[in-house]
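Structure at a glance
Now for the letters of each chain:
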Amino acid sequence: MSTATPQKFEFQAEIKQLLDIVIHSLYTEKEIFVRELVSNASDALEKLRHTQITEKEIFDDKLELEINVTTDDKAKTITIQDFGIGMTRAELVENLGTIAHSGSKQFLKAMGEGGAKNSNLIGQFGVGFYSAFMVAKSVKVYSHSWRGAEQGHVWSSDGSGSYEIEESDGQRRGSKIVIELKDDCADYASDWKIKEIVERYSAFVSFPINLNGKRINTIQALWLRSKNEIKDEEYTEFYKFQSHAHDDPRLRLHFSADAPLSINALLFVPKDNTEKLGFSRLEASVALYCRKVLIDSKPKDLLPEWLRFLKGVVDSEDLPLNISRETMQDKALIAKLNTVITKRLLKFLEEEAKNRVDAYNEFYAEFGIFLKEGAAMDYTHKDSLVKLLRFESSLTEKGKTTSLADYVSRMGSEQKEIYYLVGPNRAALESGPYLEGFKARNLEVVFCYEPVDEYVMGNVREFDSKKLTAADHADVKLSDIPKPEGALSEDDTKKLTSFLKESLGARVEEVKASDRLVDSPALAVNADKFMSPQMRRMMKAMKKDGADEPVKVNLEINPRSAVMKRLFETHTTTPDRAKLVAEQILDNALISAGLLDDANPMVARLYKLLETA
Ligand code: ADP
């Protein structure tokens, strides 16, 4: 039944409720109404394209499949027109007068559950077509269905309880939504503002979007195209546009999956790690799309924290546009996406490490710190992440690295643990006293140069069922090797260690002879199980409690070294001088361990020793 006179309808009660909230909300990001209406326009065009396949008789069949947005800042209006499928009179009533939209239903439910004070919910849910009423004094929807026999109509409402439908002649196919803006929302009639909003949310909508006659979406949604058709330059251009970047991407992963979710993803690793350069902590910035329409440009839970350096796009058809972090169902969807994408990315990095070694190592030098963070904190992906870590070791050349898997492949059958040493650089570790016992036994030691390494190794704990052990730890036991001639006898060694303990008093917990020394006279090992030298340094830097407590060390001495033999000879003949030497030996050991807090007493003592030299 069609009628020439306007006919008035009451909105369904739920719509009234929804409109009341939308109109009176103080929600600040009102701009999402543009996204919602452009998405509806794009859906309408998509539906028409489908209809064209099966139906011969389409009204206004020559029209381009495009979206035209026009603004009029004098009249304070914005118009969004599509040449899509359109709506009949009955469809106008059904679609715009009753609640079908699942997002709106969820929204109302959340508001009912005490969300009424939280106007942010609008942004999270999106309320589809009705979001127009956040900015509108009145909304008119001119629509003509693709069915030629139908008459065109105009639906109009000011968002209060009712709407009107009237016949309207001379319409093109599709829908044209004219919004008369509220006075305080007149900005949305400005060309630049709408351009910015459309570029943010709808840049990749596949149909042309013209703003005041000018096409504004020119970059394609590359992630939906087939890999072999895309040139490198296109990827780079896309990366720069989408991530607002100026560099060329370092690595890229373009993939799609069908199960358990439909996913199209295009991910990039940038050239530089800006966190390393001292810029602020990165924010998750892989954007989440549903069929080319932006859902969230910074979704927090889409990827694990340690992947915050990634850029790019994840698109899943299985997501509702108005996805909400509040509902369990949507949370589960995002968690599923997270798992699939993270696994795929880890596999990709493993392949890179195998097939493009140099590129991987360059990536690792820049972004390895994130993989370490993941290895230490992300229990789910720990095993894959540890495989991706790289270190120098006592067997690599300077600047070359090894994986822990390769380390294990070189281990002798009697070696049960993986040894590592943390220090500022290779030279410091190689010249320190800790390595020599391992070298003498042909045991490889992993070198760690970054302050976080100790924490990482401590959290990773083991690899391939082999314990990760700090080579400078007090508990390390090394196998016996033939002792060189000319060492102090066991008896003499005992005498010397008691002398040392007596001389050094509370500065040492214990003094004993050591197996792990070959050339150096002595070394200090941390006797404090709860605070390693590195931790202590860090706490000192942060001025934390406990950092000022005297260090607790064990002194291990080398009964084969000339210094110890000489000390043994003189400790009875010139005990005062021998005491000074003992103190000096301990300080030297503390320096190697990075545990000497104040060097001044040592300098004074050295002068005293030089006087008697
Ligand atoms: P949703 O788009 O999520 O279904 P909306 O409230 O935005 O929810 O829209 C309700 C319904 O109105 C849509 O499902 C669609 O059938 C119809 N509709 C909205 N905009 C258009 C349009 N531009 N062309 C054709 N139909 C539309």
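Residues numbered from 1 in each chain as written. Predicted model: local features only at pLDDT ≥ 70, side-chain atom pairs only at ≥ 80, totals over all residues. Heavy atoms only, no water.

We now examine the overall build of the chain. Check the secondary structure of the chain and you find 19 helices and 22 strands. For the chain, with 613 residues in total, the buried portion stands at 51%. A separation of at least 24 residues holds for 71% of the contacts in the chain among residues at least 6 apart in sequence. By element, 50% of the accessible surface of the chain is carried by carbon and sulfur atoms, the whole surface being about 30,900 Å². Put simply, the chain has 85 plus and 98 minus side-chain charges, and the middle of one group is 2 Å from the middle of the other. (Helix = DSSP H or I, 4+ residues; strand = E, 2+ residues; numbered from the N terminus. Buried < 20%, exposed > 50% of the residue type's maximum accessible area, 1.4 Å probe, protein only. Contact = heavy atoms within 4.5 Å. Areas by Shrake-Rupley, 256 points an atom, 1.4 Å probe, with all protein chains shown as cover. Lys, Arg positive; Asp, Glu negative; His and termini not counted. Charge placed at Lys NZ, Arg CZ, Asp CG, Glu CD.)

With 102 residues, the main nonpolar core has Ile263, Val314 and Leu371 as its most contacted residues. In this structure, Leu48, Phe129, Val135 and Ala189 belong to the second largest nonpolar core, which totals 80 residues. (Core = buried A, V, L, I, M, F, W, Y, C linked by side-chain atoms within 4.5 Å.)

Taken in spatial order, the nine strands line up as 1-6-5-4-7-3-2-8-9 in an open sheet, and their pairing is mixed. Each having just a single partner strand, strand 1 (7-10) and strand 9 (214-215) make up the two edges of the open sheet. As judged from the six bridges shared by strand 3 (residues 77-82) and strand 7 (residues 174-181), these two strands associate in the antiparallel manner. The partner of Ile80 across the bridge, within strand 7, is Ile177. Along the sheet face, helix 2 (residues 32-54) touches strand 2 (67-72), strand 3, strand 7 and strand 8 (209-211) and points at about 20 degrees away from the line of strand 3. (Pairing = 2+ DSSP bridges. Axes fitted to C-alpha atoms, helices over the stretch in contact; angles between N-to-C directions.)

Time to look at the pairing of strand 5 (residues 153-157). In terms of burial, strand 5 is a largely internal element, four of the five residues being buried. Both strand 4 (residues 136-144) and strand 5 contribute to a ladder of five bridges, which runs antiparallel. Counterpart to Lys140 in the pairing with strand 5 is Ser156. Bridge count for strand 5 against strand 6 (residues 162-167) is four bridges, and the pairing is antiparallel. Counterpart to Ser156 in the pairing with strand 6 is Glu164. Hairpin connection from strand 5 to strand 6: four residues lie between these consecutive antiparallel strands, with Gly159 at a positive phi of about 85 degrees.

The next thing to look at is the pairing of strand 21 (residues 522-526). With five of five residues buried, strand 21 lies mostly within the body of the structure. The alternating pattern of strand 21 places Ala522, Ala524 and Asn526 and Leu523 and Val525 on opposite faces, both of which are buried. With five bridges joining them, strand 21 and strand 22 (residues 553-557) adopt antiparallel strand pairing. Bridge pairing links Val525 to Asn554 in strand 22.

Taken N-terminus to C-terminus, the directions of helix 2 and helix 6 (residues 191-202) make an angle of 60 degrees; their axes are 9 Å apart at the nearest point. With respect to helix 6, the axis of helix 2 lies oblique. Crossing angle aside, the handedness with which helix 2 passes helix 6 is right-handed. Only Ile194, Ile197, Val198, Tyr201 and Ser202 of helix 6 make contact with helix 2, whose side of the interface consists of Ile32, Val34, Arg35 and Val38. Taken together, the residues of the contact of helix 2 with helix 6 break down into seven nonpolar, one polar and one charged. (Parallel < 35°, antiparallel > 145°, perpendicular 65-115°, else oblique. Left-handed = near helix turned anticlockwise from the far one by under 90°. Nonpolar A, V, L, I, M, F, W, Y, C, P; charged D, E, K, R; others polar.)

This is a description of form; function is not addressed.
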